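# Results of the structural survey
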Amino acid sequence: MDSTIAFQVQPKKNVVLSGEAMKEMAKQAKANKEERRLQCDARHNWIFEKLANSLSIEIAAVEDAVLSDERFDLIEEFLAADGSRKLLFYYQEPVRDIQSRNESSSLQNTQSQRKLMLTTGTAEPLIGVCYFFLRSTDKAISTANIGTELNFGSMDCSAGRLLQGFQTTMSKILLPALQAQEVRMQIFMF
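Cut-offs and rules
- Residues numbered from 1 in each chain as written.
- Predicted model: local features only at pLDDT ≥ 70, side-chain atom pairs only at ≥ 80, totals over all residues.
- Heavy atoms only, no water.
- Helix = DSSP H or I, 4+ residues; strand = E, 2+ residues; numbered from the N terminus.
- Buried < 20%, exposed > 50% of the residue type's maximum accessible area, 1.4 Å probe, protein only.
- Contact = heavy atoms within 4.5 Å.
- Phe/Tyr/Trp six-rings, centres within 6.5 Å; stacked < 30°, edge-to-face > 60°.
- Pairing = 2+ DSSP bridges.
- Axes fitted to C-alpha atoms, helices over the stretch in contact; angles between N-to-C directions.
- Parallel < 35°, antiparallel > 145°, perpendicular 65-115°, else oblique.
- Left-handed = near helix turned anticlockwise from the far one by under 90°.
- Nonpolar A, V, L, I, M, F, W, Y, C, P; charged D, E, K, R; others polar.
- Arc of directions from axis to C-beta.
- Polar contact = N/O pair within 3.5 Å; in protein donor to acceptor, adjacent residues only side chain to side chain.
- Core = buried A, V, L, I, M, F, W, Y, C linked by side-chain atoms within 4.5 Å.
- pLDDT = per-residue confidence, 0-100.

## Quick look at the overall build of the protein chain
Each helix and strand in the protein chain was counted, giving 7 helices and 4 strands. Seen in sequence order, the protein chain has helices and strands lined up from the N terminus as α-α-α-α-β-α-β-β-α-β-α. Relative to its full complement of 190 residues, the protein chain shows a buried share of 28%. At a minimum sequence separation of 6, the contacts of the protein chain that also span at least 24 residues come to 69%.

Printed below as a string of structure tokens:
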């Protein structure tokens, strides 16, 4: 008796959009970006400036990337009273671009295109530089308290060096800060 096993291989589905659909999507993206731009105030500009200075790029480029990001609402959640304790940005080549380049059979020398993106820190792996803002209060972040209630830092985990990036951040930044605070506490106690 001849037994055959039949199975169906599902090809990758590519979505083809008409020119009109693409124009409509671009129009909607532009409208969202402009609406977000109107929401921005000095607090947002402070964040944009910190990122631009660290990345050595123009503030306009940071603003454009952040306003275009689908996770823009993470900023509003972070700045609100009782908001998130952290706001994370990755500056790296998007994972889907790396995967498609790895799957590509061509041997072209493609230049990696790093992109600034908002993240929760759980949705995609860190394979570049993480820029983080940490808040030290449950109060809403205002223009009056943003400089004192937020801490800004970065961790370079390029080329998959997550552990090395964490070790550097701990040894060069956090440990000296804690040691200085301990010395101040000892002086205060005497």
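## Side note on the packing of aromatic side chains
If you walk through the whole model with that rule in mind, you get 4 aromatic pairs. When the ring of F89 is compared with that of F133, the centres are 6.1 Å apart and the planes differ by 80 degrees; the resulting orientation is edge-to-face. One end of the pair, F89, is in strand 1 (residues 86-92); the other, F133, is in strand 3 (residues 129-135), and 44 residues separate them in sequence. On the basis of relative accessible area, F89 is assigned to the buried category, the value being 0%. Centre to centre, the rings of F133 and F152 are 4.7 Å apart; their planes meet at 40 degrees, and the pair counts as tilted. Pair noted here: F133 is in strand 3 and F152 is in strand 4 (residues 150-156), with a separation of 19 residues, a long-range link.

## What to know about the sheet that holds strand 2 (residues 115-119)
Read from one edge to the other, the open sheet built from 4 strands follows the order 2-1-3-4, with strand pairing classed as antiparallel. At either end of the open sheet lies a strand with only one pairing partner, and these are strand 2 and strand 4. Averaged over all neighbouring strand pairs, the angle between strand axes comes to 20 degrees, with direction disregarded. Sheet topology note: the strand 1/strand 2 ladder contains 5 bridges and is antiparallel. Bridge assignment links F89 to a residue of strand 2, and that residue is L118.

## Some points on the packing of helix 1 (residues 19-39) against helix 3 (residues 59-68)
Following both chains from N to C, one finds helix 1 and helix 3 inclined at 115 degrees, their axes separated by 9 Å at the closest point. Judged on the interaxial angle alone, helix 3 and helix 1 are roughly perpendicular. As helix 1 runs across helix 3, the sense of the crossing is right-handed. In this structure, helix 1 contributes K33, R36 and R37 to the contact, and helix 3 contributes E63, D64, L67 and S68. Looking at the contact of helix 1 with helix 3 residue by residue, the class counts come to 1 nonpolar, 1 polar and 5 charged.

## Focus: helix 3
For helix 3, the set of buried residues is V62, E63, V66 and L67. Angularly, the buried residues of helix 3 cover 120 degrees about the axis, an arc narrow enough to put them on a single face. Those residues of helix 3 that are buried lie in contact with helix 1, helix 2 (42-55), helix 4 (73-79), strand 1 and strand 2.

## Quick word on the side chain of E63
Tracing the sequence through the fold places E63 in helix 3. Polar side-chain contacts of E63 include one of 2.5 Å to the side chain of R37. Excluding anything up to four places from it in sequence, E63 contacts R37 and F48.

## A short note on the nonpolar core
If you look at the biggest cluster of nonpolar residues, it comprises 24 residues, and the most contacted ones within it are I47, L51, V62, V66, I75, L87 and F89. Sorting elements by how many residues they give to this core places helix 2 first, with 5 residues. Aside from chain neighbours lying at most four places away, what touches L51 is V62, F89, L116, Y131, F133 and F152. By size, the runner-up hydrophobic cluster in this structure holds 8 residues, among which are C130, F132, M155 and C157.

## Describing the confidence of the model for the protein chain
Atom-level detail of predicted coordinates should not be read off regions where pLDDT is low. Per-residue pLDDT for the protein chain averages 80, and the proportion of residues at 70 or more is 71%. Low pLDDT, under 50, characterises residues 1-10; the stretch is placed with 0 contacts to residues that sit more than four places away or in other chains. A low-confidence stretch, residues 105-111 (pLDDT under 50), is modelled with 1 contact involving residues beyond four sequence positions or located in other chains.

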